[in-house]
Amino acid sequence: MHFIETFSPEETFQLGRTLGEQAQPGEVYTLIGDLGTGKTVLTQGIAKGLLIEEPICSPTFTIVQAYGQGRMPFYHFDVYRIGEIEEMDEIGYEDYFYGQGLTMIEWGNLIQEILPEHYREIQIVKDFEKGFDYRRITIKEI
Ligand code: ADP
Ligand code: MG
(Lines give C-alpha, C1' and ligand atoms only; values in the text may rest on other atoms or scores of the structure.)
(Ligands and ions follow the chains in the order given, each with its own letter.)
Protein backbone atom coordinates (compact mmCIF):
# COMPACT_ATOMS: atom_id res chain seq x y z
CA MET A 1 0.00 0.00 0.00
CA HIS A 2 1.25 3.47 -0.76
CA PHE A 3 -0.14 6.97 -1.07
CA ILE A 4 0.41 9.93 -3.35
CA GLU A 5 -0.20 13.56 -2.46
CA THR A 6 -1.60 15.99 -5.01
CA PHE A 7 -1.93 19.74 -4.66
CA SER A 8 -4.09 20.61 -7.68
CA PRO A 9 -6.74 19.04 -9.93
CA GLU A 10 -4.13 18.87 -12.70
CA GLU A 11 -1.85 16.68 -10.56
CA THR A 12 -4.73 14.31 -9.80
CA PHE A 13 -5.59 14.20 -13.49
CA GLN A 14 -1.95 13.35 -14.33
CA LEU A 15 -1.94 10.55 -11.75
CA GLY A 16 -5.08 9.16 -13.38
CA ARG A 17 -3.44 9.44 -16.78
CA THR A 18 -0.46 7.39 -15.60
CA LEU A 19 -2.81 4.78 -14.12
CA GLY A 20 -4.69 4.64 -17.43
CA GLU A 21 -1.45 4.27 -19.39
CA GLN A 22 -0.39 1.36 -17.20
CA ALA A 23 -3.78 -0.38 -16.98
CA GLN A 24 -4.03 -3.96 -18.19
CA PRO A 25 -7.14 -5.58 -19.72
CA GLY A 26 -9.33 -7.24 -17.10
CA GLU A 27 -8.24 -5.08 -14.17
CA VAL A 28 -10.80 -3.78 -11.68
CA TYR A 29 -10.29 -0.55 -9.73
CA THR A 30 -12.57 0.76 -7.01
CA LEU A 31 -12.66 4.47 -6.27
CA ILE A 32 -13.65 5.72 -2.85
CA GLY A 33 -13.93 9.32 -1.69
CA ASP A 34 -16.47 11.87 -0.53
CA LEU A 35 -18.26 14.23 -2.89
CA GLY A 36 -15.87 16.76 -4.39
CA THR A 37 -12.67 14.93 -3.57
CA GLY A 38 -11.75 14.39 -7.22
CA LYS A 39 -13.12 11.01 -8.29
CA THR A 40 -14.30 12.44 -11.60
CA VAL A 41 -11.03 14.31 -12.15
CA LEU A 42 -9.06 11.09 -11.58
CA THR A 43 -11.41 9.12 -13.84
CA GLN A 44 -10.99 11.69 -16.63
CA GLY A 45 -7.24 11.24 -16.30
CA ILE A 46 -7.57 7.46 -16.53
CA ALA A 47 -9.67 7.85 -19.68
CA LYS A 48 -6.98 10.11 -21.16
CA GLY A 49 -4.35 7.48 -20.36
CA LEU A 50 -6.50 4.91 -22.16
CA LEU A 51 -6.59 7.23 -25.20
CA ILE A 52 -10.35 7.80 -24.93
CA GLU A 53 -11.33 11.07 -26.57
CA GLU A 54 -15.01 11.11 -25.57
CA PRO A 55 -15.95 13.24 -22.57
CA ILE A 56 -16.40 11.25 -19.37
CA CYS A 57 -19.56 12.01 -17.46
CA SER A 58 -20.65 10.41 -14.22
CA PRO A 59 -22.88 7.39 -14.88
CA THR A 60 -25.16 8.38 -12.01
CA PHE A 61 -28.44 7.34 -13.61
CA THR A 62 -27.22 4.36 -15.57
CA ILE A 63 -24.82 2.74 -13.04
CA VAL A 64 -22.42 1.89 -15.86
CA GLN A 65 -21.09 3.80 -18.82
CA ALA A 66 -18.96 1.96 -21.37
CA TYR A 67 -16.35 3.59 -23.61
CA GLY A 68 -15.18 1.50 -26.53
CA GLN A 69 -12.80 3.60 -28.56
CA GLY A 70 -9.72 3.66 -26.34
CA ARG A 71 -6.74 1.31 -26.10
CA MET A 72 -9.08 -1.13 -24.31
CA PRO A 73 -12.74 -0.94 -23.27
CA PHE A 74 -13.37 1.24 -20.23
CA TYR A 75 -16.31 0.43 -17.95
CA HIS A 76 -17.11 3.25 -15.56
CA PHE A 77 -19.51 2.26 -12.78
CA ASP A 78 -21.03 4.50 -10.14
CA VAL A 79 -22.87 2.32 -7.63
CA TYR A 80 -23.64 5.06 -5.11
CA ARG A 81 -27.38 4.88 -5.70
CA ILE A 82 -27.67 1.14 -5.98
CA GLY A 83 -30.50 -0.27 -3.87
CA GLU A 84 -30.24 -4.04 -4.04
CA ILE A 85 -27.21 -6.02 -5.15
CA GLU A 86 -29.56 -7.78 -7.64
CA GLU A 87 -29.44 -4.60 -9.74
CA MET A 88 -25.85 -5.53 -10.56
CA ASP A 89 -27.00 -8.94 -11.80
CA GLU A 90 -29.57 -7.24 -14.02
CA ILE A 91 -26.82 -5.14 -15.57
CA GLY A 92 -24.76 -8.28 -16.15
CA TYR A 93 -21.82 -6.95 -14.15
CA GLU A 94 -19.77 -10.14 -14.55
CA ASP A 95 -19.34 -9.48 -18.27
CA TYR A 96 -17.64 -6.20 -17.33
CA PHE A 97 -15.67 -7.26 -14.22
CA TYR A 98 -14.31 -10.41 -15.88
CA GLY A 99 -14.07 -9.02 -19.41
CA GLN A 100 -11.14 -7.61 -21.38
CA GLY A 101 -11.45 -3.97 -20.39
CA LEU A 102 -10.61 -1.78 -17.42
CA THR A 103 -13.44 -1.59 -14.89
CA MET A 104 -13.58 1.36 -12.52
CA ILE A 105 -16.22 1.36 -9.80
CA GLU A 106 -16.96 4.56 -7.94
CA TRP A 107 -18.14 3.69 -4.41
CA GLY A 108 -17.07 0.08 -5.01
CA ASN A 109 -17.03 -0.52 -1.26
CA LEU A 110 -20.85 -0.57 -1.40
CA ILE A 111 -20.82 -3.76 -3.47
CA GLN A 112 -18.09 -5.52 -1.52
CA GLU A 113 -19.79 -8.93 -1.75
CA ILE A 114 -19.51 -9.12 -5.54
CA LEU A 115 -16.08 -7.56 -6.05
CA PRO A 116 -13.53 -9.93 -7.59
CA GLU A 117 -10.96 -11.64 -5.40
CA HIS A 118 -8.27 -9.20 -6.52
CA TYR A 119 -8.72 -5.54 -7.35
CA ARG A 120 -7.09 -2.18 -6.77
CA GLU A 121 -8.70 0.13 -4.24
CA ILE A 122 -8.09 3.84 -4.78
CA GLN A 123 -9.13 6.17 -1.97
CA ILE A 124 -9.05 9.96 -2.11
CA VAL A 125 -9.21 12.07 1.05
CA LYS A 126 -8.91 15.78 1.75
CA ASP A 127 -6.94 17.29 4.60
CA PHE A 128 -7.78 20.97 4.97
CA GLU A 129 -4.83 21.51 7.29
CA LYS A 130 -2.67 20.97 4.22
CA GLY A 131 -4.73 23.30 2.02
CA PHE A 132 -8.02 23.24 0.12
CA ASP A 133 -6.50 21.65 -2.97
CA TYR A 134 -4.57 18.96 -1.11
CA ARG A 135 -5.60 15.33 -1.70
CA ARG A 136 -4.08 12.14 -0.33
CA ILE A 137 -4.64 9.27 -2.73
CA THR A 138 -4.06 5.78 -1.39
CA ILE A 139 -3.69 2.81 -3.72
CA LYS A 140 -4.11 -0.62 -2.20
CA GLU A 141 -3.90 -4.01 -3.92
CA ILE A 142 -6.58 -6.31 -2.56
P1 ADP B 1 -16.07 13.88 -7.14
O2 ADP B 1 -16.23 13.20 -8.47
O3 ADP B 1 -15.25 13.10 -6.16
O4 ADP B 1 -17.38 14.31 -6.53
P5 ADP B 1 -14.95 15.97 -8.74
O6 ADP B 1 -13.79 15.33 -9.44
O7 ADP B 1 -16.20 16.17 -9.52
O8 ADP B 1 -15.24 15.20 -7.37
O9 ADP B 1 -14.53 17.41 -8.21
C10 ADP B 1 -13.35 17.68 -7.49
C11 ADP B 1 -13.26 19.19 -7.30
O12 ADP B 1 -12.16 19.51 -6.47
C13 ADP B 1 -13.04 19.89 -8.62
O14 ADP B 1 -13.75 21.11 -8.60
C15 ADP B 1 -11.53 20.16 -8.61
O16 ADP B 1 -11.19 21.31 -9.36
C17 ADP B 1 -11.28 20.39 -7.14
N18 ADP B 1 -9.91 20.07 -6.70
C19 ADP B 1 -9.11 20.87 -5.98
N20 ADP B 1 -7.94 20.30 -5.71
C21 ADP B 1 -7.97 19.08 -6.27
C22 ADP B 1 -7.03 18.00 -6.32
N23 ADP B 1 -5.82 18.04 -5.72
N24 ADP B 1 -7.40 16.88 -6.98
C25 ADP B 1 -8.62 16.81 -7.57
N26 ADP B 1 -9.55 17.79 -7.55
C27 ADP B 1 -9.24 18.92 -6.90
MG1 MG C 1 -17.93 12.60 -9.54
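Reference entry: report on the structure contained in this document. (Residues numbered from 1 in each chain as written. Chains lettered and ligands numbered in written order. Predicted model: local features only at pLDDT ≥ 70, side-chain atom pairs only at ≥ 80, totals over all residues. Heavy atoms only, no water.)

1. Let's talk about the overall build of the protein
Then comes step 1: Helix and strand counts for the protein stand at 4 helices and 7 strands.
Then comes step 2: When the helices and strands of the protein are placed in sequence order, the string is β-α-β-α-β-β-α-α-β-β-β.
Then comes step 3: For the protein, the proportion of its 142 residues judged to be buried stands at 46%.
Then comes step 4: Of the roughly 7,700 Å² that the protein leaves accessible, carbon and sulfur atoms contribute 50%.
Then comes step 5: Charged side chains in the protein number 11 positive and 24 negative. The centres of these two groups are separated by 9 Å. (Helix = DSSP H or I, 4+ residues; strand = E, 2+ residues; numbered from the N terminus. Buried < 20%, exposed > 50% of the residue type's maximum accessible area, 1.4 Å probe, protein only. Areas by Shrake-Rupley, 256 points an atom, 1.4 Å probe, with all protein chains shown as cover. Lys, Arg positive; Asp, Glu negative; His and termini not counted. Charge placed at Lys NZ, Arg CZ, Asp CG, Glu CD.)

2. As for a negative patch on the surface
Then comes step 1: Residues Glu84, Glu86, Asp89, Glu90, Glu94 and Asp95 make up a contiguous surface patch of negative charge.
Then comes step 2: Looking at the negative patch element by element, the count peaks at 3 residues for helix H3 (residues 86-91).
Then comes step 3: Mapping Glu94 onto the fold places it in helix H4 (residues 93-97). (Patch = residues over 30% accessible without salt bridge, like charges linked within 9 Å, V, L, I, M, F, W, Y side chains within 5 Å. Salt bridge = Lys/Arg side-chain N within 4 Å of Asp/Glu carboxyl O.)

3. With respect to helix H1 (residues 9-22)
Then comes step 1: A rise of 1.5 Å per residue sets the reference length of H1, with its 14 residues, at 20 Å; its end C-alpha atoms lie 20 Å apart and thus fit the reference within 8%.
Then comes step 2: Residues of H1 that are buried include every one of Thr12, Leu15, Gly16, Leu19 and Gly20, and no others. Down the axis of H1, the sector holding all buried residues measures 140°, keeping them to one side. Opposite the buried face of H1, by more than 90 degrees, sit the exposed residues Glu10 and Gln22.
Then comes step 3: Against the buried residues of H1 lie strand S1 (2-6), strand S2 (28-32), helix H2 (39-49), strand S6 (120-126) and strand S7 (135-141). (Expected span 1.5 Å × (residues − 1). Arc of directions from axis to C-beta. Contact = heavy atoms within 4.5 Å.)

4. Things to note about the environment of Thr18
Then comes step 1: Position of Thr18 among the secondary structure elements: in helix H1.
Then comes step 2: The class for Thr18 is partly exposed, based on a relative accessible area of 33%.
Then comes step 3: For the pair Thr18 and Gly49, spaced 31 residues apart in sequence, the C-alpha to C-alpha distance is 6.1 Å.

By themselves, these are just geometric observations and shouldn't be taken as functional.
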